[in-house]
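Fold and contact review
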Amino acid sequence: EVQLVESGGGLVQPGGSLRLSCAASGFTFSSYGLNWVRQAPGKGLEWVSTINSGGGRTYYADSVKGRFTISRDNAKNTLYLQMNSMIPEDTGVYYCAKFIQGGWDGMDYWGKGTPVTVSL
C-alpha cells in the first residue's frame with residue numbers, strides 16, 4: 001500500500017548539481033515527516049536530512065549542510081533533495097524514508113533507492 005519511489009539519480013561531475021525526487025502514495029502525505037538517507041559503496045547507512053510534515057522545519061547532516069536543500073510539495077505528494085556543489089564523497093545510493101516517530105527506529109517505510117555517482 002505505502003509506496004516511496006526515488007528518482008533523479010545518475011552521474012554528475014564534481015561541482016555539479018542533481019535534484020532527487022521521491023513520489024509517495026498510500027498514506028496521508030502531509031501528516032508525516034520524511035528523511036533522506038544514503039549509503040556509500042561498502043559503507044553503512046548515513047542520515048542526510050529530515051523535513052517535518054508541514055515543511056517548516058529542516059535538518060541536515062554536517063557533511064551536506066550549505067550544499068543540500070530538502071523540500072516537499074504536499075499538493076504533489078513529493079519529497080525533493082536539491083544537491084549542489086557536489087563532491088565525490090556524495091556518491092552512494094539515496095533512499096527516502098517515512099517517519100512515524102523520531103529516530104532511526106521511527107523510519108517505518110523506505111524506498112528502493114536511487115544511485116548517485118560524483119566523478120570526472
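Analysis parameters
Residues numbered from 1 in each chain as written. Predicted model: local features only at pLDDT ≥ 70, side-chain atom pairs only at ≥ 80, totals over all residues. Heavy atoms only, no water. Helix = DSSP H or I, 4+ residues; strand = E, 2+ residues; numbered from the N terminus. Rg over C-alpha atoms; globule rule 2.2 N^0.38 Å. Buried < 20%, exposed > 50% of the residue type's maximum accessible area, 1.4 Å probe, protein only. Contact = heavy atoms within 4.5 Å. Areas by Shrake-Rupley, 256 points an atom, 1.4 Å probe, with all protein chains shown as cover. Lys, Arg positive; Asp, Glu negative; His and termini not counted. Charge placed at Lys NZ, Arg CZ, Asp CG, Glu CD. Disulfide = S-S within 2.5 Å. Patch = residues over 30% accessible without salt bridge, like charges linked within 9 Å, V, L, I, M, F, W, Y side chains within 5 Å. Salt bridge = Lys/Arg side-chain N within 4 Å of Asp/Glu carboxyl O. Pairing = 2+ DSSP bridges.

The helix and strand tally for the chain stands at zero helices and eleven strands. The C-alpha atoms of the chain give a radius of gyration of 13 Å, which matches the 14 Å a tight globule of 120 residues would have. Based on the C-alpha atoms only, the size of the chain along its principal axes is roughly 40 × 25 × 25 Å. By residue count, 42% of the 120 residues in the chain fall in the buried class. Counting only contacts in the chain whose residues sit at least 6 apart along the sequence, the fraction spanning at least 24 positions is 53%. Summing over all exposed atoms, the chain offers an accessible surface of approximately 6100 Å²; the carbon and sulfur share of this is 49%. For the chain, the distance from the average site of its 10 positive side-chain charges to the average site of its 9 negative ones is 5 Å.

This next bit is on the state of the cysteines. Each disulfide consists of a covalent bond between the sulfur atoms of two cysteine residues. For the structure shown, the criterion picks out one disulfide. In this model Cys22 forms its disulfide with Cys96; the gap between the sulfur atoms is 2.0 Å. Linking Cys22 and Cys96, the disulfide has an S-S dihedral of approximately 55 degrees and is accordingly described as right-handed. Within this pair, whereas Cys22 is found in strand β3 (residues 18-25), its partner Cys96 is found in strand β9 (residues 92-99), the two being separated by 74 residues in sequence. Of the two residues, Cys22 and Cys96, both sit in the buried class.

The next point concerns the environment of Phe29. Relative to the elements of secondary structure, Phe29 occurs in the loop between β3 and β4 (34-39). Assessed through its relative accessible area of 3%, Phe29 is described here as buried. Apart from the residues within four sequence positions on either side, Phe29 is in contact with Ala24, Leu34, Arg72, Asp73, Asn74, Asn77, Thr78 and Leu79.

The next thing to look at is a nonpolar patch on the surface. A cluster of nonpolar side chains, Leu45, Trp104 and Trp110, forms an exposed patch at the surface whose accessible area comes to about 300 Å². Residue placement: Trp110 occurs in strand β10 (residues 107-110). For Trp110, a relative accessible area of 33% gives the class partly exposed.

The sheet contact formed by strand β1 (residues 3-7) and β3 spans five bridges and is antiparallel. In the strand pairing of β3, Leu4 is matched with Ala24. Here β3 pairs with strand β8 (residues 78-83) via six bridges, running antiparallel. Bridging from a neighbouring strand, Ser21 pairs with Tyr80 of β8.

With that settled, the discussion passes to the pattern of salt bridges. As enumerated under the stated definition, the model contains five salt bridges in all. Put simply, Glu46 and Arg38 hold a salt bridge, and the shortest N to O gap is 2.8 Å. In this structure Glu46 comes out as partly exposed when scored by relative accessible area, which is 31%. When its relative accessible area of 4% is taken as the criterion, Arg38 is described as buried. Between Asp62 and Lys65 there is a salt bridge, and its shortest N-O distance comes to 3.3 Å. Accessibility assignment for this pair places Asp62 and Lys65 in one class, exposed. Here the salt bridges do not stand alone but share partners, grouping Arg38, Glu46, Arg67 and Asp90 into one network.

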